Amino acid sequence: MDAKSQGVSEGVENSVKELLGGLDFETTAEIEVPERLIDQVIGQDHAVEAIKKAAVQKRHVMLIGSPGTGKSMLAKAMAELLPKEELEDILVYPNPEDPNQPKIRTVPAGKGKEIVEAYKQEALKKAQARNFFLFMLVFFIVGYAAIEGQIIWGIIAAAMLFLVARYMLPKEERNVPKLLVNNAERKTAPFEDATGAHAGALFGDVRHDPFQSGGLETPAHERVEAGAIHRAHRGVLYIDEINTLTIESQQKLLTALQEKKFPITGQSERSSGAMVRTEPVPCDFVLVAAGNLDALMGMHPALRSRIEGYGYEIYMNDSMEDTPENRRKLVRFVAQEVRRDGKIPHFDRYAVAEIIKEAKRRAGRRYHLTLRLRELGGLVRTAGDIAKGEGASVVRLEHVLAAKKIARTIEEQLADKYLERRKDYRLFTTEGAEVGKVNGLAVIGESAGIVLPIIAEVTPAISKEEGRVIATGRLQEIAMEAVMNVSAIIKKFTGRDISNKDVHIQFVGTYEGVEGDSASISIATAVISAIEGIPVDQSVAMTGSLSVKGEVLPVGGVTQKIEAAIQAGLKKVIIPKDNLDDVMLDAAHEGKIEIIPVSRIDEVLEHALVGDGKEKLIGKLRQIARV
Ligand SMILES: Nc1ncnc2c1ncn2[C@@H]1O[C@H](COP(=O)(O)OP(=O)(O)OP(=O)(O)O)[C@@H](O)[C@H]1O
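What counts, and where the lines are drawn
Residues numbered from 1 in each chain as written. Predicted model: local features only at pLDDT ≥ 70, side-chain atom pairs only at ≥ 80, totals over all residues. Heavy atoms only, no water. Axes fitted to C-alpha atoms, helices over the stretch in contact; angles between N-to-C directions. Helix = DSSP H or I, 4+ residues; strand = E, 2+ residues; numbered from the N terminus. Left-handed = near helix turned anticlockwise from the far one by under 90°. Contact = heavy atoms within 4.5 Å. Nonpolar A, V, L, I, M, F, W, Y, C, P; charged D, E, K, R; others polar. Polar contact = N/O pair within 3.5 Å; in protein donor to acceptor, adjacent residues only side chain to side chain. Pairing = 2+ DSSP bridges. Near = heavy atom within 4 Å. Areas by Shrake-Rupley, 256 points an atom, 1.4 Å probe, with all protein chains shown as cover. 1 Å grid on protein atoms, 1.4 Å probe; cavity = no way out; pocket = protein on both sides within 12 Å on 5 of 7 lines; lining within 4 Å. Sits in = over half its atoms within 2 Å of the grid points. Domains from an automatic or database assignment. Buried < 20%, exposed > 50% of the residue type's maximum accessible area, 1.4 Å probe, protein only. Points joined across faces, edges and corners; volume = space filled by probe spheres on them. Parallel < 35°, antiparallel > 145°, perpendicular 65-115°, else oblique. Core = buried A, V, L, I, M, F, W, Y, C linked by side-chain atoms within 4.5 Å. Salt bridge = Lys/Arg side-chain N within 4 Å of Asp/Glu carboxyl O. Patch = residues over 30% accessible without salt bridge, like charges linked within 9 Å, V, L, I, M, F, W, Y side chains within 5 Å.

> Help me understand the packing of helix H1 (residues 10-19) against helix H14 (residues 349-363), please; the structure alone is not making it clear to me.
For any two helices packed against each other, one specifies the inter-axial angle together with the distance between the axes. Where H1 meets H14, the closest approach of the two axes is 9 Å, and the angle between their N-to-C directions is 60°. Crossing geometry of H1 relative to H14 is assigned as left-handed. Across the interface between the two elements, Glu13, Val16, Lys17 and Leu19 of H1 pack against Arg349, Tyr350, Ala353, Ile356, Lys357 and Lys360 of H14. Each residue belonging to the contact of H1 with H14 can be placed in one class, and the counts come to 5 nonpolar, no polar and 5 charged.

> Explain the side chain of threonine 69 to me, please; I cannot follow it from the model alone.
Position of threonine 69 among the secondary structure elements: in the loop between strand S1 (60-64) and helix H4 (71-81). A polar contact of 2.7 Å, which involves the side chain of threonine 69, links it to the backbone oxygen of serine 66. Every residue in contact with threonine 69, bar those within four places of it in the chain, is listed here: Gln44, Met316, Asn317, Asp318, Leu371 and Arg372.

> What exactly am I supposed to notice about the sheet that holds strand S4 (residues 178-181) here?
Neighbouring strands of a sheet are bound in pairs by backbone hydrogen bonds; such pairs are parallel or else antiparallel. The strand order across the open sheet formed by 3 strands is S3-S2-S4, and the pairing between neighbours is antiparallel. Either end of the sheet is taken by a strand with one partner, and the two such strands are strand S3 (103-108) and S4. Strand-to-strand twist of the sheet, defined as the mean angle between neighbouring strand axes without regard to direction, takes the value 35°. Direction of pairing for strand S2 (residues 88-93) relative to S3: antiparallel, over a ladder of 6 bridges. Each residue of the ladder has a partner; that of valine 92, found in S3, is isoleucine 104. Where helix H5 (residues 111-147) meets the sheet, its contacts fall on S2, S3 and S4, and the angle it forms with S2 comes to roughly 30°.

> Explain the sheet that holds strand S8 (residues 236-239) here, please?
Read across the open sheet, the 5 strands follow the order S5-S8-S11-S1-S12; overall the sheet is parallel. Two strands in the sheet have a free side with no partner beyond their single neighbour: strand S5 (191-193) and strand S12 (311-315). Along the sheet, successive strands turn relative to each other by an average axial angle of 15°, direction set aside. The pairing of S1 with S12 spans 5 bridges and is parallel. Across the sheet, the residue bridging to histidine 60 is glycine 311, located in S12. Across the face of the sheet, helix H12 (residues 301-310) comes into contact with S1, strand S11 (286-291) and S12 while running at roughly 100° to S12.

> Even after reading the chapter, I still don't get the site of the ligand, so can you show me in this structure?
Lining the immediate surroundings of the ligand are 18 residues, of which Ser72, Asp240, Glu337, Arg340 and Arg374 lie closest. Between an oxygen atom of the ligand and a side-chain N or O atom of aspartate 240, the distance comes to 2.8 Å. Taking 620 Å² as the accessible area of the ligand by itself, protein coverage stands at 86%. In this structure, the ligand is accommodated by the second largest pocket. Of all the elements in the fold, those that place two or more residues in the shell around the ligand are H4, helix H13 (324-341) and helix H15 (373-389). In the shell around the ligand, the residues fall into 7 nonpolar, 6 polar and 5 charged. No fewer than three residues from each of domain 1 (10-26 + 318-406) and domain 2 (44-110 + 182-316) sit in the shell around the ligand.

> It is not clear to me how the side chain of arginine 361 should be interpreted in this structure. Could you clarify?
Relative to the helices and strands, arginine 361 resides in helix H14. Judged by relative accessible area, which is 11%, arginine 361 ranks as buried. In contact with arginine 361, other than residues within four places in its own chain, are Glu412, Thr559, Gln560, Glu563 and Met584.

> Sorry, what's going on with the layout of surface pockets here?
It is a probe the size of a water molecule, rolled over the atoms, that shows where empty space is left. A volume near 660 Å³ is recorded for the second largest pocket. Forming the boundary of the second largest pocket are 28 residues, of which Gly68, Gly70, Ser72, Met73 and Arg374 lie nearest the centre. Going through the elements one at a time, helix H2 (37-40), H4, H13 and H15 are the ones with two or more residues in the lining of the second largest pocket. Residue contributions to the lining of the second largest pocket peak at 5 residues, all from H13. For the lining of the second largest pocket, a count of residues per class yields 8 nonpolar, 11 polar and 9 charged. Looking at which domains feed residues into the lining of the second largest pocket, each of domain 1 (10-26 + 318-406) and domain 2 (44-110 + 182-316) supplies at least three.

> Looking at this structure, I do not really get the packing of H13 against H14. What am I missing?
Direction vectors running N to C along H13 and H14 enclose 120°, while the axes themselves pass 10 Å from each other. Accordingly, the angle class assigned to the pair H13 and H14 is oblique. For the pair H13 and H14, the sense of crossing is right-handed. For the pair H13 and H14, contact is made by Arg327, Leu330, Val331 and Val334 and by Val352, Ile355, Ile356, Ala359 and Lys360, respectively. Of the residues that constitute the contact of H13 with H14, the class distribution is 7 nonpolar, no polar and 2 charged.

> Hey, could you run me through the nonpolar core in this one?
The nonpolar side chains of soluble globular proteins are, as a tendency, buried together. Counting 39 residues, the largest nonpolar core has Val527, Ile574 and Val604 as its most contacted members. In terms of residue count, the dominant contributor to this core is helix H19 (residues 520-532) (8 residues). Residues within four places of valine 604 in sequence aside, it is in contact with Ile521, Thr525, Met542, Val552, Ile574 and Val598. Counting residues in each nonpolar core, the second largest holds 35 residues, with Ile344, Ile355, Ala387 and Val400 among its members.

> I would appreciate a short explanation of the pattern of salt bridges in the present structure.
Proximity of charged atoms lets side chains of opposite charge pair with each other. Inspection of every chain in the model, using the stated rule, returns 27 salt bridges. Between arginine 361 and glutamate 563 there is a salt bridge; the shortest N-O distance is 2.9 Å. Of this pair, arginine 361 sits in helix H14 while glutamate 563 sits in helix H20 (residues 558-567), and the two are 202 residues apart along the sequence. On the basis of relative accessibility, which here comes to 9%, the residue glutamate 563 falls in the buried class.

> Sorry, what's going on with a nonpolar patch on the surface here?
Residues Ile151, Ile152, Trp153, Ile155, Ile156 and Met160 make up a contiguous nonpolar surface patch of roughly 650 Å² in combined accessible area. Looking at the element boundaries, isoleucine 151 is found in helix H6 (residues 151-168).

Structure (structure tokens):
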């Protein structure tokens, strides 16, 4: 469908084209996706280079960074780069000299299965010959007894013979080796994700045998189970949140890394498996350890230094620059995710543009695109599911917008609830004018905006020596500092001596998680309004930090704050001029509020205050500012 038939104006079409980095396509079905996983990784060029080098040199890698930026994807990609020809199968054999120390053999990949099959055939042949002999013997005994008229005794004798043969004679199948690690069907080197694995799953285990004698027991070698370190032999072992492994496990991991082989023994001390210990089992893997910065703290120093000394440590990017090239990569990302999912339809260009807009919004940084691509991929899938549910053959803009409503973060959902509750109590007003009351804006968590009303009252000082600034509501330290700065400005700009006054500032209904000094222009406005007795327009919301010179400085989360103001029904929003480029409203919010960029406090007051006295005050402020 072209722009005209979708009723899209030329202006919108141009901005979509810009968002798509100039790419021209109808749906993502036309976008080429590279074959290899490593070429699909977006925005982590440094990590990709290191992984490629590490794969050639078989080095260990440590990836540190935020969740969902592609750490496990890189580890998987590394497994694809390792040579498949070197893969081996690992077999465990019974040891006639010491049954508790099974033997270990390696053979080229694919051979293991053949060997086990051959042993089984051999055992079957022997068993068949023995059973035939046994059958003949029973037949003769019973036959002979029948001739002698002693059939009952004959049957008893035959049964006993059968039991003896069953339990006493050696069983050929007990000598069949077990295939511990089977690489026959592999198309690439193994990738083992051992995140959160307990010791048994990581280092292998020997199962407990409830029947330990009398010919009923399962031979030790059959009870041996390989661990992730063994299955990762000649491939990649990936462990996320490496610091959550016990120190003992990290120590063992270090030994396995150094020795490149590690015997398997029963992990549970009181089980019969604990007596069994195999010969060392090969585990020549590349370790890709991952985690956030905390992971480094909780890591065994020797293990860390092993990786440092024999590999690469990489810090993952959280965002990438917003360039046409990188936007094109995100277009490819949508195509990749659609193909990977396999069940959702492809996206049309407007839907992809909205995803890229969201990537800008989520970056939380000017001129950047987010690289928390797992979350963005979640949005892609939700939009796909909605489209599919409707029976649509392509995912369109409306599906992405609907998905954005569903795929809200916990913080955003919390903000919704907060807003709902506050509507009940009407903690803020959206019309009229009031003295000393301002609709400030704040963010909770990283992703949700809220309206944060601020009230200021000025009273004669209680203390005889000097007035004080008293802040109530649960203010965090930074906000408290903002209050202090503001009082300095007030003294300077109002020209009034407030040293004999107490200024009370209340953050209405604040709760944990609100922080930052982004409320300082709101505080200043509320206090100035209270001192001068000039009312504040309640249909205005504002955010911005204030310097002691009266400049309005940029703050974080403007988009989310503006969205909160729109949802609260406010008409105008004052933001720092420097934040104008950070505003990334989606289609549902665009044009719903008047955005006023400002760079000085007098501009804030110009737009926020109403009534007499206003012009005089602002004139005075400007005069002071010029001095
Ligand atoms: N840099 C990237 N390039 C392309 N796709 C990505 C990237 N990062 C994440 N993805 C997508 O998100 C999915 C999840 O990412 P992945 O599991 O690799 O994240 P992670 O960093 O290992 O997160 P965690 O530490 O929480 O496990 C990937 O399978 C892929 O679809």
